[in-house]
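If you want the building blocks of each chain, they are given just below.
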Amino acid sequence: MVDLSDLKSKLRSRFRDEYGIQWSDDVLDSILREAQREYALYSGRVVGRFEVITDERSVYTLPDDFFQVISVTGNDGENIPVVSYRRLVEKYGDFRKIKGSKPEVFCFNFDGFSKFRIFPELPDGILAGTVLYKKIPDNDYSKLVNKEAIEQHAMFQMYQFTGKKLAQNYFQSFLNMVYREQHQGVTGGKSTLRTGVYF
């Protein structure tokens, strides 16, 4: 099994930097974190869940490892729609004043990236729903499903930082590995890292 130190050594050896002069532990840790996040984004394999119990607030805090909502399920097993703030305003006007007994929709990324809202406002102590979400993985690399894909993305970043044209080849290899495990083919993907969007 490839652990963190072995992966760092492997990356350094590719750049003939076995003593970590060019690629320090801090730099490689940052690179590997970005690779993990992109893996979480593209694969959807790193998944978390939590239940929402209502209290006096209508705005709730997401888990620290939240990346993107997948679905919200109510007590009856039915999906609860996820809508935008604009949709709430268009349909209900001043929606903050509306109370109810059952959740109709969930709204993410309105009150801040780490917050979500339930509409309408519900009484305290109700199990409003279960949220399934893509999560940002922690630093335990043994939990990752596709370590080879993480390595390819790290190589993409390292070649990009050094201005080498091979960078895009490694990113394409990363995409191919991720989608191969989902039994799909892919071409022409684009890294969020390349656009300056960090999660």
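Just so we're clear, the structure is a prediction, and the values are computed from it rather than from any experiment. Residue numbering note: each chain is counted from 1, following its sequence as written. This being a predicted model, a pLDDT of at least 70 is required before a residue's local features are given, and a value of 80 or more before pairs of side-chain atoms are given or counted; all residues contribute to the totals for chains, interfaces and linings. To obtain the side-chain values, all non-hydrogen atoms of the structure were used and water was disregarded.

*Asks:* Provide a residue-level description of the pattern of salt bridges, including the pertinent values.
*Replies:* In the sections that follow, a salt bridge refers to a side-chain nitrogen of Lys or Arg positioned within 4 Å of a carboxyl oxygen of Asp or Glu. Scanning the model with the defined rule gives 10 salt bridges in all. One salt bridge connects Lys-135 with Asp-65, and the closest N-O pair in it is separated by 3.2 Å. Here Asp-65 lies in the loop between strand S2 (59–61) and strand S3 (66–73) and Lys-135 lies in strand S7 (residues 127–135), a separation of 70 residues in the sequence. Lys-102 serves as the salt-bridge partner of Asp-76, at 3.7 Å between the closest nitrogen and oxygen. Here the residue Asp-76 occupies a position in the loop between S3 and strand S4 (82–83), and Lys-102 occupies one in the loop between helix H3 (85–92) and strand S5 (105–108), the gap between them amounting to 26 residues. Comment: elements are numbered from the N terminus, with helices defined as DSSP H or I runs of at least four residues and strands as E runs of at least two.

*Asks:* Tell me about the pairing of S5, residues and numbers included.
*Replies:* Here S5 shows no split at all, with Val-105 and Cys-107 on one side and Phe-106 and Phe-108 on the other all buried. Across two bridges, S4 lies against S5 in parallel orientation. Bridge assignment links Val-82 to a residue of S5, and that residue is Phe-106. A crossover links S4 with its parallel partner S5, the connecting element being H3, and its sense is right-handed. Criterion used throughout: strands pair if DSSP finds at least two bridges between them. The pairing of S5 with strand S6 (residues 115–119) spans four bridges and is antiparallel. Paired with Cys-107 across the strands is Arg-117, a residue of S6. Relative accessible area decides the class of each residue, using a 1.4 Å probe on protein chains only: under 20% of the type maximum gives buried, over 50% gives exposed, and in between gives partly exposed. Classification remark: right-handed applies to a crossover when, strands pointing away from the viewer, the course from the first strand over the helix to the second runs clockwise.

*Asks:* Could you give an account of the pairing of S7, naming the residues involved and the relevant values?
*Replies:* Two elements, strand S1 (residues 47–53) and S7, share seven bridges in a ladder whose sense is antiparallel. What sits directly across from Phe-50, in S7, is Val-131. By the bridge criterion, six bridges tie S3 to S7 in an arrangement that is antiparallel. Across the sheet, Val-72 pairs through a bridge with Val-131, a residue of S7.

*Asks:* Describe the packing of helix H4 (residues 147–161) against helix H5 (residues 167–180), and please don't skip the residues or the numbers.
*Replies:* Axes here mean lines fitted to C-alpha atoms, for a helix over just the part in contact, with angles spanning 0 to 180 degrees between N-to-C directions. Between H4 and H5, the least distance of the axes is 8 Å, while the angle of their chain directions is 165°. Relative to H5, H4 is oriented roughly antiparallel. Here H4 and H5 pass one another in a crossing that is left-handed. Counting all contacts with H4, which are made through Glu-148, Ala-149, Gln-152, His-153, Met-155, Phe-156, Tyr-159 and Gln-160, the residues of H5 involved are Ala-167, Tyr-170, Phe-171, Ser-173, Phe-174, Met-177 and Val-178. Following the grouping adopted for this structure description, the nonpolar residues are Ala, Val, Leu, Ile, Met, Phe, Trp, Tyr, Cys and Pro, the charged ones are Asp, Glu, Lys and Arg, and the polar ones are all others, Gly among them. Tallied by class, residues from the contact of H4 with H5 come to 10 nonpolar, four polar and one charged. Here is the rule for angles: anything less than 35 degrees is roughly parallel, anything more than 145 is roughly antiparallel, 65 through 115 is roughly perpendicular, and the remaining ranges are oblique. For any pair of crossing helices, the crossing counts as left-handed if the nearer helix is rotated counterclockwise from the farther one by less than a right angle, and right-handed if it is rotated clockwise. We call two residues in contact when some of their heavy atoms are within 4.5 Å.

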